[in-house]
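Read off the chains here:
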Amino acid sequence: MAQVPARNPKYSAADLWPPGSKDRDFPPAAFFPVYVGNFLCQQRAELVARVQQYFASKGLLARMVFVRSAQNDPFQSYQDKTKLYDCLVYLTRQRDAQDAVKYLHRDKYYGHRLNVFPGRTPDIMDPNHSVVYALSQNMMQLPTRLIENHILSATGFVAKSTKRFSTNQLIVQYEGPVQQEKALRDYRYMFAHPLTVELSQQQDFLEEDVIDELRARSQKHSTFLAMCPEKHVLEALYAGTKPDVGPMDWVADPLDFLPKIHKPRENVLFQIAEGTLRKFGITCSFINKTSKIRDKERMAKFKRNAESNGSQLRSKYQKAIEEMFRLGNAKLPWRMTVGRCNQD
C-alpha cells in the first residue's frame, strides 16, 4: 500500500482556496489537478466522496473531483459496467499533485491498480516499452486488472502502466524493452501491434479536453467549487492525522476472479506469431512448443523467416506503413516519427 510523506506545513482552512482562486474567471486554474484512472466505485453517485476519502487516507486534501458527463465520455458504458472510473482530482498544493503522481501511480485500490498522472500535461508512453493488444471477444468486457493478471501469469512481468484505448484495444507499457520483448515472445492470447501517435498519451483526457464543461461547472457559487471532503476527514487533515475512512487495505472482492481463457487455435497462433515477427522482428517462443502442427509448409516458412529474415520482414512492414502514410491512408507508428526505429 503506497504511503505519501506527511504534509509540512499541515493543512489549514486557507488551503481550501489557493492564492488567486477567488479572483479569476476560471478558479480551477489556481488548483493542481491530477488524472486518476481505473478507480473502483460500485455507485457512480458516490465516486466523488470515495476519491476524496482515498486521497485523505494518504494524507492529501482532494478538493474538487471532476467526472466527465456522458457527452464527453466515450467510455461511460464500459465504466458503468466494470465500475472503474476516471476523473480529474484538484489538489490545493503543487507539491501534493507531484507527490500523488510519484507515490500513488499503480497503488492498489480494491485490487485494481490506479493510473495517476498530471492533469494538465500529457504523459507520453514510450513506444519502445509498449505493446497495443487487440482484445479477443471474451476479453473485451473484462476489467483491465484481470487482463493484466493474465499477461503477468504468462510472462512474469508486471505492467508499468495500462490504458484502455477502446473496448477492444489495451495498451500495456512495460518497465523496459527487455520486458516488452519477452512479453511479445511468450504471450500467445492476443494480437500485438506497435504503439502509434494517436495512442501515445497515458491519460484518457486532460483538463484542456473538457475545459468547456469545466467552465460551465465552475460558475460562481457552483456546487463544483463547493466540493470538500467530509467534516471529520477535513478536521483530521488539519490535525495532520489520517482520517477514519473505513478499511485501509482496500482488499479486492474475493468473488472477482479471472475466467478461463482458452489458448487460441493453431491457425490463430500462427497469425499472432507471424504478425509479431513482421511488426516487431521478434520470434514468438510458443510456436516451437505448439504440438501437432498440421501445416508443415507454413511452419517451415515461419522458421526460415525467423532464422534469417526477421529484421527484413519488419523493415518491409515499416516501409509499407510509411508508404500508406504518405498516401494518407494510415497512421505512422510513432517509433518512426521520432527516429527511434531499430531494425537490427
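Treat the numbers as computed from the prediction; the structure is a model and nothing was measured.

Definitions and limits used
- Counting restarts for each chain: residues are numbered from 1 in the order of the written sequence.
- Residue-level local features of this predicted model are given only where pLDDT is at least 70; pairs of side-chain atoms are given and counted only at 80 or more, and the full residue set underlies all totals for whole chains, interfaces and linings.
- To get the side-chain values, all heavy atoms of the structure are used, and hydrogens and water are removed first.
- Pairing between two strands is assigned when DSSP locates at least 2 bridges connecting them.
- Strands here mean DSSP runs of E at least two residues long; helices mean DSSP runs of H or I at least four residues long; both are numbered from the N terminus.
- Only the contacting stretch of a helix is used when fitting its axis, a line to C-alpha atoms as for every element, and angles between N-to-C directions run 0 to 180 degrees.
- What counts as a ring pair is set by centres within 6.5 Å for rings of Phe, Tyr and Trp (its six-membered ring), and what kind of pair is set by the plane angle: stacked under 30 degrees, edge-to-face over 60, tilted for all other angles.
- Only protein chains enter the area calculation, which uses a 1.4 Å probe; residues under 20% of their type maximum are buried, those over 50% are exposed, and those in between are partly exposed.
- To estimate how far a helix should extend, the number of its residues minus one is multiplied by 1.5 Å.
- Here a salt bridge means any side-chain nitrogen of Lys or Arg lying within 4 Å of a carboxyl oxygen belonging to Asp or Glu.
- What is meant by a nonpolar core is a set of buried Ala, Val, Leu, Ile, Met, Phe, Trp, Tyr and Cys residues, joined one to another through side-chain atoms within 4.5 Å.
- Here a residue-residue contact requires only that any non-hydrogen atoms of the pair lie within 4.5 Å.
- In this context, the arc is that of the directions from the helix axis out to the C-beta atoms.

*Asks:* Please clarify how the sheet that holds strand S6 (residues 115-118) should be interpreted in this entry.
*Replies:* The pairing of strands in a sheet happens through backbone hydrogen bonds and is either parallel or antiparallel. Strand order across the open sheet formed by 4 strands is S2-S3-S1-S6, with antiparallel pairing between neighbours. The outermost strands of the open sheet, each flanked by one partner alone, are strand S2 (62-66) and S6. Across the sheet, the mean angle from the axis of one strand to that of its neighbour is 25°, orientation sign disregarded. In the sheet, strand S1 (residues 32-40) pairs with S6 via 4 bridges, with the strands oriented antiparallel. Bridge assignment links Gly37 to a residue of S6, and that residue is Asn115.

*Asks:* What exactly am I supposed to notice about the packing of aromatic side chains here?
*Replies:* The geometry of two aromatic rings is summed up by the distance between their centres and the angle between their planes. A full pass over the atoms with the stated rule returns 11 aromatic pairs. Plain terms: the ring middles of Trp17 and Phe31 are 6.5 Å apart, the flat faces sit at 65° to each other, and that makes the pair edge-to-face. Highlighted residues: Trp17 in the segment before S1 and Phe31 in the segment before S1, separated in sequence by 14 residues. For Trp17, a relative accessible area of 31% translates into the label partly exposed.

*Asks:* Where do I start with helix H8 (residues 266-280) in this structure?
*Replies:* Residues spaced three or four apart along an α-helix face the same direction, because each turn holds 3.6 residues. Counted at 1.5 Å a residue, the expected span for H8 with its 15 residues is 21 Å, and the 21 Å between its end C-alpha atoms agrees. Burial analysis of H8 places 11 of its 15 residues in the buried class, the great majority of the element. Listed as buried for H8 are Glu266, Val268, Leu269, Phe270, Ile272, Ala273, Gly275, Thr276, Leu277, Lys279 and Phe280. Positioned one or two residues after H8, Gly281 has a phi angle of 70°, which is positive.

*Asks:* Teacher, can you tell me more about the pattern of salt bridges here?
*Replies:* Two side chains that carry opposite charge are able to pair once their charged atoms sit near each other. In this structure the tally under the stated criterion is 13 salt bridges. Two residues, Glu46 and Arg50, come together in a salt bridge whose shortest N-O distance is 3.2 Å. A residue is classified by how much of its surface remains accessible, and Glu46, at 35% relative accessible area, is partly exposed. In this structure, a network of salt bridges that share partners links the residues Arg7, Arg95, Asp96 and Asp99.

*Asks:* Hey, could you run me through the nonpolar core in this one?
*Replies:* In a soluble, globular protein the nonpolar side chains are often hidden away together inside. One finds Val34, Phe55, Val89 and Leu104 to be the most contacted residues of the largest nonpolar core, which totals 34 residues. Not counting residues within four places of it along the chain, the set of residues in contact with Phe55 comprises Val34, Val36, Leu60, Ala62, Val89, Leu91, Ala100 and Leu104. With 22 residues, the next largest nonpolar core counts Leu146, Ala159, Tyr187 and Met190 among its residues.

*Asks:* Can you walk me through the sheet that holds strand S10 (residues 191-193) in this structure?
*Replies:* Spatial strand order, S8-S9-S7-S10: 4 strands in an open sheet with antiparallel pairing. Both edges of this open sheet fall to strand S8 (161-166) and S10, since each of them pairs with a single strand only. The mean inter-strand angle of the sheet, taken between neighbouring strand axes irrespective of direction, is 30°. As paired elements, strand S7 (residues 130-134) and S10 share 3 bridges and run antiparallel to each other. Across the sheet, Ala134 pairs through a bridge with Phe191, a residue of S10.

*Asks:* How do you make sense of helix H3 (residues 94-104) when you look at a structure like this?
*Replies:* Buried within H3 are the following residues: Asp96, Ala97, Asp99, Ala100 and Leu104. In an axial view of H3, the angular spread of the buried residues amounts to 165°, which keeps them on one side of the axis. The exposed set on the far side of H3, more than 90 degrees from its buried face, consists of Arg95 and Lys102. The elements touched by buried residues of H3 are S1, helix H1 (47-57), strand S3 (84-91) and S6.

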